[in-house]
Amino acid sequence: AMGEALDRGMVLVLSLWDDTQVNMLWLDSAYPTDQPPRKPGVLRGPCPGGADSEPSFLRENFPDAKVEYSRFKVGEIGSTYAGARRAAENLV
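What counts, and at which threshold
- Residues numbered from 1 in each chain as written.
- Predicted model: local features only at pLDDT ≥ 70, side-chain atom pairs only at ≥ 80, totals over all residues.
- Heavy atoms only, no water.
- Helix = DSSP H or I, 4+ residues; strand = E, 2+ residues; numbered from the N terminus.
- Rg over C-alpha atoms; globule rule 2.2 N^0.38 Å.
- Buried < 20%, exposed > 50% of the residue type's maximum accessible area, 1.4 Å probe, protein only.
- Areas by Shrake-Rupley, 256 points an atom, 1.4 Å probe, with all protein chains shown as cover.
- Salt bridge = Lys/Arg side-chain N within 4 Å of Asp/Glu carboxyl O.
- pLDDT = per-residue confidence, 0-100.
- Polar contact = N/O pair within 3.5 Å; in protein donor to acceptor, adjacent residues only side chain to side chain.

## Quick notes on the overall build of the protein
Point 1. When helices and strands are counted, the protein shows four helices and zero strands.
Point 2. Sequence-ordered secondary structure for the protein, helices as α and strands as β, is α-α-α-α.
Point 3. At 19 Å, the protein has a C-alpha radius of gyration far larger than the 12 Å of a compact globule built from 92 residues.
Point 4. For the C-alpha atoms alone, the extent of the protein along its principal axes is close to 45 × 35 × 30 Å.
Point 5. Within the protein, the fraction of its 92 residues that count as buried is 12%.
Point 6. Carbon and sulfur atoms form 56% of the exposed surface of the protein, whose accessible area is close to 8,200 Å².

## Structural notes on unusual backbone geometry
Point 1. In this chain, Tyr31 is followed by Pro32 through a cis amide linkage whose omega measures 5 degrees.
Point 2. With respect to the helices and strands, the residue Pro32 is situated in the loop between α2 (25-28) and α3 (55-61).
Point 3. Backbone geometry places Met24, a non-glycine residue, at a positive phi of 65 degrees.
Point 4. The topology assignment puts Met24 in the loop between α1 (2-8) and α2.

## Describing the side chain of Ser53
Point 1. As for its placement among the helices and strands, Ser53 is situated in the loop between α2 and α3.
Point 2. We classify Ser53 as buried; its relative accessible area is 17%.

## Digging into the pattern of salt bridges
Point 1. Applying the stated criterion across every chain yields a total of one salt bridge.
Point 2. One salt bridge in this structure joins Arg59 and Asp18, with 2.8 Å as the shortest N-O distance. Within this pair, whereas Arg59 is found in helix α3, its partner Asp18 is found in the loop between α1 and α2, the two being separated by 41 residues in sequence.

## What about the confidence of the model for the protein?
Point 1. In this model, the protein carries an average pLDDT of 85, and 90% of its residues clear a pLDDT of 70 or more.
Point 2. Confidence, expressed as mean pLDDT per element, reaches its minimum in the protein at helix α4 (residues 82-91) with 63 and its maximum at α3 with 92.

## A look at the environment of Asn61
Point 1. Counting through the fold element by element, Asn61 comes out in helix α3.
Point 2. Distance from Asn61 to Val13, taken between C-alpha atoms, is 27 Å for residues 48 residues apart in sequence.
Point 3. A distance of 2.9 Å separates the side chain of Asn61 from the backbone oxygen of Phe57, its partner in a polar contact.

Structure follows, in structure tokens:
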């Protein structure tokens with residue numbers, strides 16, 4: 001299924017946004033918050049959450065924040081850097 005999707009072609013989309021409902025906790029923190037972090041699937045990353053993670057705090061304290069995406073490479077899997085070829089040779 002994935003190979004067929006790749007054969008049809010795909011578009012890389014990069015997005016920068018925030019989440020005022022749950023403060024992006026679902027992405028890199030413990031979520032849902034009413035479950036213990038030790039439960040499989042709840043702890044999704046190291047972000048502690050809290051007031052410093054709320055979009056309103058970030059917008060107020062970092063109004064000029066920005067992101068830059070660069071140095072993309074496109075090619076067959078394992079073809080865009082020499083280390084990938086060496087690693088692939090070791091797998092065979």
